[in-house]
Amino acid sequence: MNRWIVMGCTMLMCLGAVIFLPKLFSFQTSYVQLKGIISVFDPHASKTLSDDNLVDTLSSLPFTLPISQVEWKKTTLSLDLKVVTSDSTITDIYENMAEAISFSFERTPNVNRLLLRLVAEDKWVNTRHLLLAADVSRQAWSEEWTNELRNNGEAPLPDHLKQTFRMTETKLWLNQFNR
(Lines give C-alpha, C1' and ligand atoms only; values in the text may rest on other atoms or scores of the structure.)
Protein backbone atom coordinates (compact mmCIF):
# COMPACT_ATOMS: atom_id res chain seq x y z
CA MET A 1 0.00 0.00 0.00
CA ASN A 2 2.85 2.35 0.82
CA ARG A 3 4.24 1.93 -2.67
CA TRP A 4 0.88 2.97 -4.25
CA ILE A 5 0.74 6.14 -2.17
CA VAL A 6 4.24 7.18 -3.26
CA MET A 7 3.43 6.51 -6.93
CA GLY A 8 0.14 8.39 -6.69
CA CYS A 9 1.77 11.41 -5.04
CA THR A 10 4.52 11.42 -7.67
CA MET A 11 1.96 11.32 -10.50
CA LEU A 12 -0.06 14.14 -8.93
CA MET A 13 3.07 16.26 -8.55
CA CYS A 14 4.04 15.66 -12.19
CA LEU A 15 0.54 16.50 -13.38
CA GLY A 16 0.53 19.63 -11.20
CA ALA A 17 3.88 20.71 -12.65
CA VAL A 18 2.59 20.23 -16.21
CA ILE A 19 -0.43 22.43 -15.45
CA PHE A 20 1.28 25.02 -13.22
CA LEU A 21 4.57 25.76 -15.07
CA PRO A 22 2.97 27.32 -18.20
CA LYS A 23 0.85 29.54 -15.92
CA LEU A 24 4.01 30.63 -14.12
CA PHE A 25 5.65 31.56 -17.44
CA SER A 26 2.67 33.66 -18.58
CA PHE A 27 2.67 35.44 -15.21
CA GLN A 28 6.34 36.36 -15.64
CA THR A 29 5.75 37.70 -19.18
CA SER A 30 2.78 39.84 -18.14
CA TYR A 31 4.73 41.22 -15.15
CA VAL A 32 7.53 42.30 -17.50
CA GLN A 33 5.02 43.91 -19.85
CA LEU A 34 3.21 45.57 -16.96
CA LYS A 35 6.40 47.14 -15.57
CA GLY A 36 7.61 48.22 -19.04
CA ILE A 37 10.89 46.35 -18.71
CA ILE A 38 12.70 46.01 -22.01
CA SER A 39 15.72 44.01 -23.04
CA VAL A 40 18.85 46.09 -23.52
CA PHE A 41 20.83 43.45 -25.37
CA ASP A 42 19.24 42.38 -28.63
CA PRO A 43 21.09 39.46 -30.19
CA HIS A 44 19.20 40.03 -33.46
CA ALA A 45 20.18 43.70 -33.88
CA SER A 46 22.04 42.88 -37.09
CA LYS A 47 19.90 43.77 -40.08
CA THR A 48 20.46 42.54 -43.62
CA LEU A 49 20.30 45.56 -45.91
CA SER A 50 18.16 45.33 -49.04
CA ASP A 51 16.29 47.57 -51.46
CA ASP A 52 13.12 46.92 -49.47
CA ASN A 53 14.39 48.21 -46.13
CA LEU A 54 17.07 50.71 -47.24
CA VAL A 55 15.08 53.90 -46.67
CA ASP A 56 13.54 52.83 -43.36
CA THR A 57 16.85 51.57 -42.00
CA LEU A 58 18.89 54.63 -42.94
CA SER A 59 16.23 57.10 -41.78
CA SER A 60 16.35 55.53 -38.32
CA LEU A 61 20.08 56.31 -37.92
CA PRO A 62 21.01 59.27 -35.70
CA PHE A 63 22.72 61.40 -38.35
CA THR A 64 22.95 65.12 -37.61
CA LEU A 65 23.70 65.81 -41.27
CA PRO A 66 20.91 65.19 -43.77
CA ILE A 67 21.21 62.35 -46.26
CA SER A 68 21.47 63.66 -49.80
CA GLN A 69 21.67 60.47 -51.83
CA VAL A 70 21.79 56.71 -51.25
CA GLU A 71 22.53 53.83 -53.57
CA TRP A 72 22.65 50.11 -52.84
CA LYS A 73 24.27 47.73 -55.34
CA LYS A 74 25.03 44.13 -54.37
CA THR A 75 27.28 44.60 -51.30
CA THR A 76 28.21 48.28 -51.80
CA LEU A 77 26.44 51.10 -50.00
CA SER A 78 26.96 54.60 -51.42
CA LEU A 79 25.93 57.40 -49.10
CA ASP A 80 26.09 61.17 -49.56
CA LEU A 81 25.67 63.43 -46.53
CA LYS A 82 24.95 67.15 -46.97
CA VAL A 83 26.78 69.90 -45.15
CA VAL A 84 24.25 72.71 -45.60
CA THR A 85 25.14 75.14 -42.84
CA SER A 86 28.38 76.73 -41.82
CA ASP A 87 27.52 75.74 -38.24
CA SER A 88 28.60 72.16 -38.95
CA THR A 89 31.83 71.42 -37.15
CA ILE A 90 34.57 68.96 -37.94
CA THR A 91 33.46 66.98 -34.88
CA ASP A 92 29.90 66.70 -36.29
CA ILE A 93 31.23 65.55 -39.63
CA TYR A 94 33.55 62.92 -38.13
CA GLU A 95 30.79 61.64 -35.84
CA ASN A 96 28.41 61.27 -38.81
CA MET A 97 31.10 59.46 -40.78
CA ALA A 98 31.76 57.13 -37.85
CA GLU A 99 28.01 56.46 -37.49
CA ALA A 100 27.77 55.50 -41.18
CA ILE A 101 30.83 53.25 -40.94
CA SER A 102 29.63 51.68 -37.69
CA PHE A 103 26.19 50.99 -39.15
CA SER A 104 27.62 49.48 -42.33
CA PHE A 105 30.01 47.04 -40.73
CA GLU A 106 28.78 46.45 -37.16
CA ARG A 107 25.02 46.31 -37.68
CA THR A 108 24.70 44.83 -41.16
CA PRO A 109 26.19 41.52 -42.27
CA ASN A 110 25.98 42.16 -46.01
CA VAL A 111 27.68 45.55 -46.56
CA ASN A 112 31.25 44.90 -47.68
CA ARG A 113 32.06 48.38 -49.01
CA LEU A 114 30.92 51.86 -48.04
CA LEU A 115 31.38 54.79 -50.40
CA LEU A 116 30.81 57.85 -48.25
CA ARG A 117 30.83 61.42 -49.52
CA LEU A 118 30.33 64.69 -47.69
CA VAL A 119 28.93 67.31 -49.99
CA ALA A 120 28.58 71.04 -49.37
CA GLU A 121 25.37 72.33 -50.87
CA ASP A 122 24.98 75.99 -51.74
CA LYS A 123 21.26 76.80 -51.87
CA TRP A 124 21.79 80.28 -53.34
CA VAL A 125 23.59 79.11 -56.47
CA ASN A 126 22.11 75.60 -56.44
CA THR A 127 25.50 73.89 -56.61
CA ARG A 128 27.11 70.96 -54.84
CA HIS A 129 30.79 70.69 -53.96
CA LEU A 130 32.57 67.59 -52.74
CA LEU A 131 34.31 68.17 -49.40
CA LEU A 132 35.45 64.76 -48.27
CA ALA A 133 35.15 61.21 -49.58
CA ALA A 134 35.88 57.82 -48.04
CA ASP A 135 36.01 54.36 -49.56
CA VAL A 136 35.84 51.93 -46.64
CA SER A 137 35.95 48.16 -47.00
CA ARG A 138 34.94 45.61 -44.40
CA GLN A 139 38.37 43.95 -44.61
CA ALA A 140 40.21 47.18 -43.71
CA TRP A 141 37.68 48.25 -41.09
CA SER A 142 38.21 48.04 -37.35
CA GLU A 143 35.91 49.07 -34.51
CA GLU A 144 38.90 50.73 -32.83
CA TRP A 145 39.50 52.99 -35.81
CA THR A 146 35.82 53.89 -36.03
CA ASN A 147 35.89 54.94 -32.37
CA GLU A 148 39.09 56.90 -32.99
CA LEU A 149 37.35 58.73 -35.84
CA ARG A 150 34.29 59.39 -33.67
CA ASN A 151 36.42 60.80 -30.84
CA ASN A 152 38.91 62.72 -32.99
CA GLY A 153 37.36 66.09 -32.19
CA GLU A 154 38.50 69.13 -34.15
CA ALA A 155 42.01 67.84 -34.80
CA PRO A 156 43.10 66.90 -38.33
CA LEU A 157 42.76 63.20 -39.02
CA PRO A 158 45.83 61.04 -38.42
CA ASP A 159 47.38 59.61 -41.58
CA HIS A 160 46.65 56.00 -40.60
CA LEU A 161 42.89 56.78 -40.51
CA LYS A 162 43.05 58.52 -43.87
CA GLN A 163 44.80 55.50 -45.35
CA THR A 164 42.56 52.92 -43.67
CA PHE A 165 39.34 54.63 -44.71
CA ARG A 166 40.88 55.69 -48.06
CA MET A 167 39.86 59.30 -47.54
CA THR A 168 40.16 62.05 -50.08
CA GLU A 169 40.17 65.65 -48.89
CA THR A 170 39.37 68.35 -51.42
CA LYS A 171 40.83 71.85 -51.48
CA LEU A 172 37.50 73.19 -50.29
CA TRP A 173 37.66 70.89 -47.23
CA LEU A 174 41.22 71.91 -46.45
CA ASN A 175 40.41 75.62 -46.83
CA GLN A 176 37.18 75.51 -44.86
CA PHE A 177 37.87 73.03 -42.07
CA ASN A 178 41.62 72.37 -41.76
CA ARG A 179 43.06 75.82 -41.29
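Our structure is the block above this text.
Since this is a predicted model, take the numbers as computed values, not measurements. (Residues numbered from 1 in each chain as written. Predicted model: local features only at pLDDT ≥ 70, side-chain atom pairs only at ≥ 80, totals over all residues. Heavy atoms only, no water.)

*Asks:* Is there a simple way to think about the overall build of the protein chain in this case?
*Replies:* The helix and strand inventory of the protein chain stands at six helices and five strands. Listed by position from the N terminus, the elements making up the protein chain come as α-α-β-β-α-β-β-α-α-β-α. Buried residues in the protein chain amount to 32% of all 179 residues. Taking as baseline every contact in the protein chain between residues at least 6 positions apart, the subset at least 24 positions apart corresponds to 59%. Counting every atom, the protein chain has about 12,000 Å² of accessible surface; 59% of that belongs to carbon and sulfur. (Helix = DSSP H or I, 4+ residues; strand = E, 2+ residues; numbered from the N terminus. Buried < 20%, exposed > 50% of the residue type's maximum accessible area, 1.4 Å probe, protein only. Contact = heavy atoms within 4.5 Å. Areas by Shrake-Rupley, 256 points an atom, 1.4 Å probe, with all protein chains shown as cover.)

*Asks:* Could you clarify how one ought to interpret a nonpolar patch on the surface in this entry?
*Replies:* Taken together, Leu12, Leu15, Val18 and Ile19 make up a surface patch of nonpolar side chains, about 430 Å² in accessible area. You can see Val18 is positioned in helix 1 (residues 2–35). (Patch = residues over 30% accessible without salt bridge, like charges linked within 9 Å, V, L, I, M, F, W, Y side chains within 5 Å. Salt bridge = Lys/Arg side-chain N within 4 Å of Asp/Glu carboxyl O.)

*Asks:* How should the sheet that holds strand 5 (residues 167–169) be read in this particular structure?
*Replies:* Hydrogen bonds along the backbone pair up the strands of a sheet, which may run parallel or antiparallel. Read from one edge to the other, the open sheet built from five strands follows the order 1-2-3-4-5, with strand pairing classed as mixed. With one partner strand each, in any of the chains shown, strand 1 (67–73) and strand 5 form the two edges of the open sheet. Each adjacent strand pair in this sheet contributes to an overall mean axis angle of 15 degrees, direction not counted. Bridge count for strand 4 (residues 127–137) against strand 5 is three bridges, and the pairing is antiparallel. (Pairing = 2+ DSSP bridges. Axes fitted to C-alpha atoms, helices over the stretch in contact; angles between N-to-C directions.)

*Asks:* How do you make sense of the pairing of strand 3 (residues 113–122) when you look at a structure like this?
*Replies:* Each regular strand displays side chains that alternate between the two surfaces of the sheet. Note: strand 2 (residues 76–83) against strand 3, eight bridges, orientation parallel. Within strand 3, the position partnered with Asp80 by the bridge is Arg117. As a crossover connection, the stretch from strand 2 through helix 3 (residues 90–106) into strand 3 is right-handed. Pairing analysis gives ten bridges linking strand 3 to strand 4, with the strands arranged antiparallel. Note that in strand 4 the partner of Leu115 across the bridge is Asp135. (Right-handed = clockwise from strand over helix to strand, strands pointing away.)

*Asks:* Would you take a moment to explain the packing of helix 3 against helix 4 (residues 143–150) for this structure?
*Replies:* Two quantities define a packed helix pair, namely the angle between the helix axes and the distance between the axes. Direction vectors running N to C along helix 3 and helix 4 enclose 160 degrees, while the axes themselves pass 8 Å from each other. Classified by the interaxial angle, the pair formed by helix 3 and helix 4 is roughly antiparallel. Two packed elements cross with a definite hand, and for helix 3 against helix 4 that hand is left-handed. Across the interface between the two elements, Tyr94, Glu95, Met97, Ala98, Glu99, Ile101, Ser102 and Glu106 of helix 3 pack against Glu143, Thr146, Leu149 and Arg150 of helix 4. In terms of residue class, the contact of helix 3 with helix 4 is made up of five nonpolar, two polar and five charged. (Parallel < 35°, antiparallel > 145°, perpendicular 65-115°, else oblique. Left-handed = near helix turned anticlockwise from the far one by under 90°. Nonpolar A, V, L, I, M, F, W, Y, C, P; charged D, E, K, R; others polar.)

*Asks:* What's the story with the layout of surface pockets in this structure? I'm lost.
*Replies:* A water-sized probe, rolled over the atoms, reveals where empty space remains. In this structure, the largest pocket occupies an estimated 200 Å³ of space. Along the walls of the largest pocket sit Val83, Val84, Thr85, Ser86, Ser88, Ala120, Glu121, Leu131, Leu172, Gln176 and Phe177, which together make up its complete lining. Going through the elements one at a time, strand 3 and helix 6 (171–176) are the ones with two or more residues in the lining of the largest pocket. Split by residue class, the lining of the largest pocket holds six nonpolar, four polar and one charged. (1 Å grid on protein atoms, 1.4 Å probe; cavity = no way out; pocket = protein on both sides within 12 Å on 5 of 7 lines; lining within 4 Å. Points joined across faces, edges and corners; volume = space filled by probe spheres on them.)

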